[in-house]
Structures are given as C-alpha cells and as structure tokens.
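Structure at a glance
Next come the chains, spelled out residue by residue.
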Amino acid sequence: LSSGMGLKHNAGISNLAFMQSIELSGPSIASQRFRDLNGLKFYCGYIDNLFFALRRDWPVIKSLVALLESPSVLPYSCTVEEASCSSVTFLDLDVFKRDPDPFGWSRICWRPHFKPTALQSTLSFRSAHPKTLHMSWITRYIQRLRRNSWSVHAFGEAKAHALSLLRSAGLCRSAISV
C-alpha cells in the first residue's frame, strides 16, 4: 500500500488521507462489520503497511484480497506482499505461529527480522559525530532488538546475530561489548 510518498505535503497528511480512504470509508477495514464478514481476528497498521490475522477460510481470504486489490481503494494501490499459515515478515519483525503446547494452544510470536543489508554500513569512529553517539546508537539498536523479541531466548539469538554482523562490518570488539 502506498500513501502518497514523494508528494509535496507532509507524511501526517498522507497518513490521515490513507486512514480515511481505507480504514474509515471505502473498504472500512477498521469497522466491526468488516471484521465479522472477513474473519478478521487481528489487524494493525504502521503508516501504509497493514497486517491482518484472519480465520482460515480460503474463499473469504481470496475475496478480501480481491477487495483490497480492486479500484475501491483508489487512489491507493494495494498489494499482498506475503501470506502464510505459519509465518510472515512485517516491517522489521518475523511473526510466526508456534506449534501447539500440550493443551493444544498455539502462540503467535515475533523476533527481529534482519534484512540482507542489515548493519553492513556502520557509523565510523573517525566521523565528526559526538563521542557519546558512537556508543549510544549500538545501545539503542540492542534495546530495539529486545523490544522486538517475544522472549529472552529470541532476544539472545538476535543480539548474538547483530553482534556478529557488527564484527563482520569491521567494528572493533571494544565498541560492541554491549
């Protein structure tokens, strides 16, 4: 979905126009009626990226995709980027369904998603940035990994991977002993 990126007005106006066109009128994806008709269990959005969790009813899902890709959402164009019964990537998160526990309950979990170019370009210690910034961006990045992990174990795996990428990018060990 695109909300007018590159236009002269600021992002806030684009976001409000998108919300009015898609969520409140047009398909009205924020309404209870839409949720009931389309088996929508969960919905969230970040700017122009939408995430749906739907009841497993393939004819209903296909009609929802057709609706979102139809002219009813003009001036926007909608594209389903990923659909799965087990896992998808949304922004910088991998969202996945765990196997059922002994009581038959499945859990939706999340962990950081590392793009192929993640952490390949880092802040050089020879840059003119204040010295405190050289450590604070690494600290903030690690804190974001924790916030984007559903468990301490998932965070530990993500942190180890991030530190490995930072070492591969040439950052000295003393800078990444976070």
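In what follows, the accompanying structure is described. On a predicted model such as this, the values are computed, not experimentally measured, just so you know.

Procedures and definitions
- Within each chain, residue numbers correspond to sequence positions counted from 1 in written order.
- Restriction of local features to residues with pLDDT of at least 70 applies here, the model being predicted, together with a cutoff of 80 or more for giving and counting side-chain atom pairs; totals for whole chains, interfaces and linings are based on all residues.
- With hydrogens and water stripped out, all remaining heavy atoms of the structure feed into the side-chain values.
- Patches here are clusters of residues that have more than 30% relative accessible area and form no salt bridge, with a 9 Å joining cutoff for like charges and a 5 Å cutoff for nonpolar side chains (Val, Leu, Ile, Met, Phe, Trp, Tyr).
- We get accessible surface area from the Shrake-Rupley algorithm with a probe of 1.4 Å; when it comes to residues, only the shown protein chains can shield them.
- Any carboxyl oxygen of Asp or Glu that lies within 4 Å of a side-chain nitrogen of Lys or Arg is treated as forming a salt bridge with it.
- Only DSSP runs of H or I with at least four residues qualify as helices, and only runs of E with at least two residues qualify as strands; both kinds are numbered from the N terminus onward.
- Residues count as neighbours in contact if any of their non-hydrogen atoms are within 4.5 Å of one another.
- Think of it in three bands: residues with accessible area under 20% of the maximum for their type are buried, residues over 50% are exposed, and the middle band is partly exposed, with areas taken using a 1.4 Å probe on protein chains only.
- By arc we mean the arc of the directions from the helix axis to the C-beta atoms, nothing more.
- Pairs were defined over the aromatic rings of Phe, Tyr and Trp, the Trp ring being its six-membered one, requiring ring centres within 6.5 Å. Orientation was assigned from the angle between planes: stacked under 30 degrees, edge-to-face over 60, tilted for the rest.
- Pairs of strands are assigned from DSSP output, requiring at least two bridges between the strands.
- For helices, the fitted line uses only the C-alpha atoms of the stretch in contact; every axis is such a line through C-alpha atoms, and the angle between N-to-C directions lies from 0 to 180 degrees.

1. Quick notes on a nonpolar patch on the surface
- A grouping of Leu-16, Met-19 and Leu-24 is seen on the molecular surface, where their side chains present a nonpolar patch of about 280 Å² in accessible area.
- Of note, Leu-24 is situated in helix α1 (residues 11–24).

2. Focus on the environment of Arg-111
- Among the structural elements, Arg-111 can be located in strand β5 (residues 108–112).
- Spatially, the C-alpha atoms of Arg-111 and Ala-158 are 7.6 Å apart, while their sequence positions differ by 47 residues.
- If we skip the residues at most four places from it in the chain, Arg-111 touches Asp-92, Leu-93, Asp-94, Phe-96, Asn-148, Ser-149 and Ala-154.

3. Things to note about helix α3 (residues 58–68)
- Taken together, the buried positions of α3 are Val-60, Ile-61, Leu-64 and Leu-68. Buried residues along α3 cover an arc of 100 degrees about the axis, so they all sit on one side. Those residues of α3 that are exposed and angled more than 90 degrees off the buried face are Pro-59 and Lys-62.

4. Topic: the packing of aromatic side chains
- Counted under the stated rule, the structure contains three aromatic pairs.
- For the pair Phe-42 and Phe-51, a centre-to-centre distance of 6.1 Å together with 65 degrees between the ring planes defines the contact as edge-to-face.
- A residue is classified by how much of its surface remains accessible, and Phe-42, at 41% relative accessible area, is partly exposed.
- Centroid distance Phe-51 to Phe-90: 5.4 Å. Interplanar angle 50 degrees. Geometry classified as tilted.

5. A short note on the environment of Cys-109
- Residue position: Cys-109 is located in strand β5.
- Given the relative accessible area of 0%, Cys-109 is considered buried.
- The sequence separation of Cys-109 and Ser-149 amounts to 40 residues, and the corresponding C-alpha distance is 8.2 Å.
- For Cys-109, the contacting residues outside a window of four places in its chain are Asp-94, Val-95, Phe-96, Arg-98 and Trp-150.

6. Some remarks on the sheet that holds strand β3 (residues 87–90)
- An order of β3-β4-β5 is seen for the three strands of this open sheet, with the pairing classed as antiparallel. Each edge of the sheet is formed by a strand with only one pairing partner; in this case those strands are β3 and β5. Geometrically, the sheet is characterised by an average inter-axis angle of 25 degrees between neighbouring strands, direction not taken into account.
- Bridge analysis of β3 against strand β4 (residues 93–97) gives four bridges, and the strand direction is antiparallel. Bridging from a neighbouring strand, Phe-90 pairs with Leu-93 of β4.

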